Amino acid sequence: MAIVYGGDYNPEQWPRETWAEDMRLMREAGVNRVSVGIFSWAKLEPEEGRYDFGWFDEVMDLLAANGVEACLATPTASPPPWFAATYPEAVMVDAGGRQLTHGSRQGFDPSSDVYLAKALNITEQIARRYAEHPALALWHVHNEYGCHNARSHTKAAAAKFRVWLRDRYGDLDGLNAAWGTAFWSQSYSAWDQVQAPLPTPTIPNPGQVLDWKRFSSWQLKQNYLAEAAVIGKYSDKPMTTNFMTGSHPDIDLWEFSDVVDVVATDHYLVGEDPHVNLGFAADYARSLGAGRPWILMEHSTSAVNWQGRNRAKAPREMIRNSFQHFARGADAIMYFQWRASRQGAEKWHSGMVPHAGTDSKIWREVCELGARLKELAEVEGSRVHADTAILWDFPNRWAQEHEARPTTDLEAQAVFDEYYAALWRAGITADVAEPEGDLSGYRLVVVPAVYLLSRKGAANLRQFVHGGGTVLVTPYSGVADETDTVYLGGYPGAIRDVLGVRTEEFHPLLDDTVALASGGTGRIWSEAAESTGAEVRDTYVLPSTAARTGADAPAGTATPAWLVNRFGEGTAHYLTTFPDDATLDRIVAAAAEDAGVAPAAEAPVGVEVVRRAHEDGRSWLFCINHTGADAKVKTADAVVDVPAGEVVVHREH
Amino acid sequence: MAIVYGGDYNPEQWPRETWAEDMRLMREAGVNRVSVGIFSWAKLEPEEGRYDFGWFDEVMDLLAANGVEACLATPTASPPPWFAATYPEAVMVDAGGRQLTHGSRQGFDPSSDVYLAKALNITEQIARRYAEHPALALWHVHNEYGCHNARSHTKAAAAKFRVWLRDRYGDLDGLNAAWGTAFWSQSYSAWDQVQAPLPTPTIPNPGQVLDWKRFSSWQLKQNYLAEAAVIGKYSDKPMTTNFMTGSHPDIDLWEFSDVVDVVATDHYLVGEDPHVNLGFAADYARSLGAGRPWILMEHSTSAVNWQGRNRAKAPREMIRNSFQHFARGADAIMYFQWRASRQGAEKWHSGMVPHAGTDSKIWREVCELGARLKELAEVEGSRVHADTAILWDFPNRWAQEHEARPTTDLEAQAVFDEYYAALWRAGITADVAEPEGDLSGYRLVVVPAVYLLSRKGAANLRQFVHGGGTVLVTPYSGVADETDTVYLGGYPGAIRDVLGVRTEEFHPLLDDTVALASGGTGRIWSEAAESTGAEVRDTYVLPSTAARTGADAPAGTATPAWLVNRFGEGTAHYLTTFPDDATLDRIVAAAAEDAGVAPAAEAPVGVEVVRRAHEDGRSWLFCINHTGADAKVKTADAVVDVPAGEVVVHREH
Amino acid sequence: MAIVYGGDYNPEQWPRETWAEDMRLMREAGVNRVSVGIFSWAKLEPEEGRYDFGWFDEVMDLLAANGVEACLATPTASPPPWFAATYPEAVMVDAGGRQLTHGSRQGFDPSSDVYLAKALNITEQIARRYAEHPALALWHVHNEYGCHNARSHTKAAAAKFRVWLRDRYGDLDGLNAAWGTAFWSQSYSAWDQVQAPLPTPTIPNPGQVLDWKRFSSWQLKQNYLAEAAVIGKYSDKPMTTNFMTGSHPDIDLWEFSDVVDVVATDHYLVGEDPHVNLGFAADYARSLGAGRPWILMEHSTSAVNWQGRNRAKAPREMIRNSFQHFARGADAIMYFQWRASRQGAEKWHSGMVPHAGTDSKIWREVCELGARLKELAEVEGSRVHADTAILWDFPNRWAQEHEARPTTDLEAQAVFDEYYAALWRAGITADVAEPEGDLSGYRLVVVPAVYLLSRKGAANLRQFVHGGGTVLVTPYSGVADETDTVYLGGYPGAIRDVLGVRTEEFHPLLDDTVALASGGTGRIWSEAAESTGAEVRDTYVLPSTAARTGADAPAGTATPAWLVNRFGEGTAHYLTTFPDDATLDRIVAAAAEDAGVAPAAEAPVGVEVVRRAHEDGRSWLFCINHTGADAKVKTADAVVDVPAGEVVVHREH
């Protein structure tokens, strides 16, 4: 029983004399597991079919000898130079139709047969050689699937896309119906007319693009399954791959997560957003595993290298970040990477051992954190319970990326973040859920711009509310079905009855805002909504041409802003615009009250409190003080003092 | 005698059971004509050479049976998937050299011989089949020529470009002289060295680019003529194609409009500009037909789908918009499209029957408008008279798109719009005219940044002023000739004598403005102008380095801002900067007074008044109140009450 | 003994009758040298292998007859259309992998063998024909090497890149070590795997990109050497090429300048920056020639055509500009071009004879300047002495262009300009120096973001300070070695000892700034620095998360902002942020005082004063008044009156 602690270990970047020091320092920091081999293909197979495993044997043996477990990677995310030199057409083609080249990483087309053959071959070499190695604890299949090459527009991919479409639709009639090809004379009469999306004179077919995204996501999962099958021939150790739950929405993780033995994710702090994206990424990783503990496979001790402005973490910030993940269900806290590189594309990415060496804030915090995790070993395996869920769906997100929509100001991710942030401010721990998933365990479900809502998802939501649940629904939800076909008769067609509302037209705002009768402000969006039964709690005046021209123009119509509908045993809140934060906080509080959900404890704003509990009743309250003032967190039976900037893990029972 | 009313009808997007409802609703709305077949190629010829006309026969018969005329399209603007699959190189190549693909619309190269052959074949199939159909009223050749593929940089296009150039210049000496190839060592010594413009290391040859634009525009007209010739073998019904007079300045409509039997245009409201672009598009459509009534072939009932923010129309706004076109000479008011699509690239484009169905503001306004147009049938055929013209010229616009110019802040379209807007605010109805066109009917001609002014155009303007006309000329007019060769000796070389001015140098402004002596502000531009006889009505101080560095620097020189010159019997106003709106309004008023032009009636700002009159003297005053206050429009012998937001058509005589 | 005066002369753009007028006007203006033939290839060799030299003979004879020297160009910078038509693959490929085409200039790949063969052939034709011509004074080899095609990503270039790399590194082990290919599995196992950088899925290898820039720069120099060798077979006249010292940092001029007989440069005023870039370009041209007088081969009489907003020069500004160059060591003042073109890509570029003709401000100033230069002939050959240097290094600049760095807000050029501007405001004349160059003649050396500092460069700086020099060092200096490998142990690793400082981490700022204890403001950058011996003169509080989130967050740490260290006999100033101008002026003054450097004379801000002196003691003080007020410049023994906007050259001894 232990919390796993460590990071990516890339000894091939350093002289052998450093390796011994690495072992000593890992022990000093309390590191008990490292990921190895992720970028080692070129060193393990320097020429096609010629192998050099000696150095890697040495690394594995060193780890075993020092009591550090290996999370052993297949190195297939970064083929060596010989790969692109021999098979240039097996590198990806971008959305603009450009054949990309070697010189970076992920230089391959996921649909390439020759890539797959080479990847499975090196996978087999490694699986066979190390299956029984004493250091081996976990297989790290590939690395960050699709981080840069999620969608590769090659001819090979187009061929597989056609097969995938045939499976999905049976025949061309099905395809033509789903894609609405009757518009703009796009009806297909033979399968080989269907291509990967590539630049076109104007707006592409939304159905084609949506399915292309579905296929591309599916393809990556197939590659995982193929490698896993090879490994499984030699080893029964668990396997996973590191998702990127807080970013890279190109892969449908609801589909992919089914096949990993344990969910793992990577998270990197967004400089300007220290909390929301982190919390989402962690909650989402937990939710992908149905609440089971998960692995934080990578995060950073301080700055990263790929943001425009790569801010370093302030003192104690790393400790707080790591505990945020731990609190939200991570049983493994790992970093990219052990030693900050001196060269290469990521030399400005921090590591556990920074450029400055061990006489450094980073190293001291790394050691402190290692010690604290050791003390908290008992937390391992405990769970986080949430009675609130916020919906996240990939096809919905993808459909909204299409250029021709009511307004490009409405971005699915931004809406999600806005509502997640409101929950965070309210101290409400939330799961992330699928629209079609099991919602029976929740009291409150937030529906943030779930534009594309399948018939099944709509029925699921309807049943949830009817049975007593509370929903909080934003504009542009429930508008189109799974083929991106608009529900007719008034928006939001899929759930008009649930919401007690009917909207004739969307009125996206230009540069203006609308004034809420309650005193707040609505941004981005307005709509010509009418209550068909819901209580109207707030209104605004629908903008006329006036607001646009500055001229004195005909007055607009008063329109509901916030509607609350009783539906069956439950309650539905619907907003017709995007309110300012203060107004949103008020609405979230009202919905939470309707649902009977509350924070884990009473704490000042900026003090994050999350509970982990074992089934046997033992529980801990993770109190993370992001503020500069000492704080008190009040639980049912205690007051926990949390100093400014610090983390206190309070054992409750 | 009737005003045509209807829209694009795409029944192939809907199940057959909807068609009967369509007929019923068309009758309810007063629809008397629809455009059909525009995007039907894939359904009519699902595989190359295999045809399916049965369903379309049914549609045509339904229309005839219900008294709805067909504006029958050749479907050649959107080839089916088999076209690109079979002839991938016949799809367009963009300006960056990328071969585009199928998946959108207009997926063809206008210069492609194989495209033309396929287009003429389907045209012939349709012309032969429906020439005598009772529903047929008008041929709708192609659709929005060049909306996305006006310039296709294929090898096929380059070959035709060379033929066109040979026709234009006779020999390479002529070409070299016109393009100024002596600069940068670009002299051509053989025809096959001449290519379509494609990416180059730095600034391209302006002559090559300008002629490429001329050629590309010409090519589209040839395609029209080719289709028209095929149709003409079978039918003597009138033919047209829908221009886009308010946008897409890639096609020289002065040249193209000669060959259509009636001018038709499409117009879509720009969200942020509810009046100027609409008015221009309408006036221009009328002017292309020498004042004859024209067809508004497409506009929208509410939002479109392709702007960043697609704002919906406020209540009554659609009615006002449609009347704006009607007032400015349209005898047909049609929409894209009859029924808003549920799928595809334009599902967020409004229709006459919206997603919400007939219980909707849109449908009610559609029906109301249909009824009102019926009442106004007598207006059909009446004309709009304007004694003001504003110049618009395509080569001028194209030449100014070249990257290497005095300042990229000066944009030809923006200047045009600024001056058109000033006329609109002044209530002055204007025609749009060619610099080389007949100006004899006008009293006032506005010359907005007509940089490229041919010798013939300059002579035309000179004659107009000399004979008593008034011109209002902006900076950067009359500077270069038809080959984009600068007139020497001082700017604006083509019309220095007319303006009584000589400018040594242009001084584009950086981020600063100039203060007019009269109290206003000059933007974007200043120049070292001297009067050679003109009266100086306003001045500013030419910026020295001072204004740029913030340092105390040598004082600049006082320079004329507004000069007024008597030339022959006429008057020329010349501005050397771009004044603020209030100043411009003052200048326009002065020029209008000089010219003796006045609005159609006295009306408050924001109330648009345009007169249509029959030759027999019957006339109507269209009064469109864009404001939120009831207004009074005073004519010579009446006061017309126009309620806020409403349209009143006042019968004068 | 004379100051050279003239410009590019392109008579092929004008009819023969103009040529006689040109000669007359050149005499009137005092022109004594022109550059000819730069863009004449297409006229001299209109078809491959067919020559037409008759017209050019005439031009050369005319010049000789009129006492105007010829700076005779090889026309190889702009191949004729036949070149690209015959050898399309010999045109450059851009960084995106696009094959560019003819239609502009520099339409060739510098690594192309066929290009080189054609270029050397026309060079030989010209050299043989005109080697003994009486007009010939100087060879103008090519034109603005690499202005647009410095880096051409062709296969031909890749092949030469591999040869260059083999020379540099000996074997692949050396290459792999230098490029850090152990990261991301990029180890090369065969030479033919190495390619030119082309688009990759994500961040490219920094070592590859850096060496590609080194190679590309080297390639251009080889092309110069090849042409020079051909010319040298026929002529012993001096040779040069026109650098662009103020822009186009793609060519390592420290390397290139060794092979020209005299340094020549082109400079074009940046509209928004009338002084800094000009001064830098001039100082740099002088420094490239180790202080020897140099040729201003091109500048402009007024506006250029390629900036977004091409502002014209105010009256007298051209005179001041030309004198700025003259003051800083130019012995030749030349323009692009003699006569402003009427056509082509640069028709909006001003000339000595403007579009307006000779009745113009420009022409009058051209004549005035010619006369004044004649009077100052004695200045020819005199030198400018500077005891301050500011470092400029190409690999440093190139390395910082890599996308993955601490912050993209820190731009090497902007930092350089900021510090050069501070020196300019302080009236301190500075040389531009190489980090590895001889610094022994200086008292003060400014080190502006010299991130990449070789071991040799670091030793050079260390020796300079140790021996008594003063350095002023900005953040992000001395961080990585010549292979872009980070120095470990704390930043700035190469010169920690010199500065008495150790920084653990860089903390780039987001949108915020830091408040200096002294009252000023720090921008862009902060860092966790500690003094290891230096005196701390100013501090700020290192931002915590607080500043980023707006929330009340843990207080940051106080950190040194300005540290001053005694090292050996010298002094090192180090800044850890980028201060506002006023603070920077204070720091520069302190460093100057430490170093004992002072301006050439006492003058108000905005009055530029530079001294030129002969070895025999004769000296002149160039006083250039950029302000609108008359000024007094006080020297050791005189007071010089300098009227507003004027230039006074004061003979001192």
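Residues numbered from 1 in each chain as written. Chains lettered and ligands numbered in written order. Predicted model: local features only at pLDDT ≥ 70, side-chain atom pairs only at ≥ 80, totals over all residues.

On to the overall build of chain A. Looking only at helices and strands, one finds 18 helices and 26 strands in chain A. Relative to the compact-globule value of 26 Å for 653 residues, chain A shows a C-alpha radius of gyration of 26 Å, a close match. Overall, chain A is about 80 × 70 × 45 Å in size when its C-alpha atoms are taken along their principal axes. Of all 653 residues assigned to chain A, the portion counted as buried reaches 62%. Counting contacts in chain A only where the partners sit at least 6 residues apart, residues at least 24 apart contribute 72% of the total. (Helix = DSSP H or I, 4+ residues; strand = E, 2+ residues; numbered from the N terminus. Rg over C-alpha atoms; globule rule 2.2 N^0.38 Å. Buried ≥ 20, exposed ≤ 12 C-beta atoms within 10 Å, placed from the backbone. Contact = placed C-beta atoms within 7 Å.)

Our next topic: the environment of Ala90(C). Residues and elements named next belong to chain C. In this structure, Ala-90 sits in the loop between α4 (81-86) and α5 (113-130). In this structure, the C-alpha to C-alpha distance between Ala-90 and Gly-107, residues 17 residues apart in sequence, is 8.3 Å. Every residue in contact with Ala-90, bar those within four places of it in the chain, is listed here: Phe-108, Asp-109, Ser-112, Val-114 and Tyr-115.

Chain B puts 63 residues into the contact, and the matching count from chain A is 56 residues. Those elements giving two or more residues to the side of chain B that touches chain A turn out to be α2 (41-44) and α4 (81-86) of chain B. A per-class count over the side of chain B that touches chain A returns 22 nonpolar, 27 polar and 14 charged. (Nonpolar A, V, L, I, M, F, W, Y, C, P; charged D, E, K, R; others polar.)

Here we take up the relation of the copies chain B and chain C. For the pair chain B and chain C, the relating rotation is 120 degrees, the translation along its axis is 0.0 Å, and the fit reaches an RMSD of 0.0 Å. Viewed as a symmetry operation, the transformation between the two copies matches a three-fold axis. Among all residues of chain B, the minimum C-alpha distance to the rotation axis is found for Arg98(B), at 5.4 Å. (Least-squares fit on C-alpha atoms with pLDDT ≥ 70 in both.)

With that settled, consider the domain arrangement of chain A. Here the domain parsing of chain A yields domain 1 (388-595) and domain 2 (607-651). Relative to domain 2 of chain A, the C-alpha centre of domain 1 of chain A lies at a distance of 33 Å. (Domains from an automatic or database assignment.)

What follows concerns the environment of Cys147(B). All names here are of chain B. With respect to the element layout, Cys-147 can be found in the loop between β4 (136-140) and α6 (155-169). Expressed as a C-alpha distance, the spacing of Cys-147 and Arg-214, which sit 67 residues apart in the sequence, is 16 Å. Setting aside residues no more than four positions away along its own chain, Cys-147 makes contact with Gln-106, Met-244 and His-248.

Moving on: the sheet that holds strand β16 (residues 521-523) of chain A. All names here are of chain A. Taken in spatial order, the three strands make up an open sheet running β15-β16-β21, and their pairing is antiparallel. Only two strands of the sheet have a single partner each, and these edge strands are β15 (514-515) and β21 (578-579). Where β16 lies against β21, two bridges are found, and the strand directions are antiparallel. Of the residues in β21, the one forming a bridge with Gly-522 is Pro-579. (Pairing = 2+ DSSP bridges.)

With that settled, consider the packing of helix α5 (residues 113-130) of chain B against helix α8 (residues 206-234) of chain B. All names here are of chain B. Between α5 and α8, whose axes approach to 9 Å, the crossing angle comes to 30 degrees. It follows that α5 is roughly parallel to α8 by the angle criterion. The hand of the α5/α8 crossing is right-handed. Between α5, through Leu-116, Ala-119, Leu-120, Thr-123, Glu-124, Ala-127 and Arg-128, and α8, the contact on the second element is made entirely by Asn-223, Ala-226, Glu-227, Val-230, Ile-231 and Tyr-234. Taken together, the residues of the contact of α5 with α8 sort by class into eight nonpolar, two polar and three charged. (Axes fitted to C-alpha atoms, helices over the stretch in contact; angles between N-to-C directions. Parallel < 35°, antiparallel > 145°, perpendicular 65-115°, else oblique. Left-handed = near helix turned anticlockwise from the far one by under 90°.)

Residue and element names in this part refer to chain B. Taking 1.5 Å of rise per residue, the 14 residues of helix α1 (residues 16-29) would be expected to cover 20 Å, and the 20 Å separating its terminal C-alpha atoms lies within 8% of that figure. Taken residue by residue, α1 has Asp-22, Met-26 and Ala-29 as its buried positions. Projected down its long axis, α1 carries its buried residues within an arc of 70 degrees, all on one side. Facing away from the buried side of α1 by over 90 degrees, the exposed positions are Glu-17, Ala-20 and Arg-24. Looking at the packing, one finds that the buried side of α1 touches α12 (361-375). With its phi angle positive at about 85 degrees, Gly-30 sits one or two positions after the end of α1. (Expected span 1.5 Å × (residues − 1). Arc of directions from axis to C-beta.)

Let's shift gears to the interface of chain B and chain C. Contact residues are listed per partner, giving 56 residues for chain B and 63 residues for chain C. Residues that form the side of chain B that touches chain C fall into these classes: 24 nonpolar, 24 polar and eight charged.

Okay, the pairing of strand β12 (residues 444-447) of chain A next. All names here are of chain A. Residue alternation in β12 divides its side chains into two sets, Leu-444 and Val-446 and Val-445 and Val-447, and both sets are buried. Looking at chain direction, strand β10 (residues 388-391) and β12 are connected through three bridges and run parallel. Along β12, the bridge assignment pairs Ile-390 with Val-446. In the sheet, β12 pairs with strand β13 (residues 470-473) via four bridges, with the strands oriented parallel. Its bridge partner lying in β13, Val-446 is registered against Leu-472. With helix α15 (residues 455-466) bridging β12 and its parallel neighbour β13, the resulting β-α-β unit is right-handed. (Right-handed = clockwise from strand over helix to strand, strands pointing away.)

Of note, the amide linkage connecting Phe336(B) to Gln337(B) takes the cis form, showing an omega dihedral of -5 degrees. Along the chain, Tyr491(C) connects to Pro492(C) via a cis peptide bond; the corresponding omega equals -20 degrees. Within the secondary structure, Pro492(C) is located in the loop between β13 (470-473) and α16 (496-499). One non-glycine residue, Gln106(B), adopts positive backbone phi at about 50 degrees. Within the fold, Gln106(B) resides in the loop between α4 and α5. Even without being glycine, Ser185(C) reaches a positive phi, approximately 60 degrees. Examined against the element boundaries, Ser185(C) turns out to sit in the loop between α7 (172-179) and α8 (206-234). Residue classification places Ser185(C) among the buried residues on the basis of 25 C-beta atoms within 10 Å.

Attention now moves to the sheet that holds strand β1 (residues 4-9) of chain A. Residue and element names in this part refer to chain A. The nine strands lie next to each other as β5-β4-β3-β2-β1-β9-β8-β7-β6, forming an open sheet whose pairing is parallel. The strands lining the two open edges of the sheet, one partner per strand, are β5 (239-240) and β6 (242-243). Here strand β7 (residues 264-266) pairs with strand β8 (residues 294-298) via three bridges, running parallel. Bridge pairing in β8 places Thr-265 opposite Leu-296.

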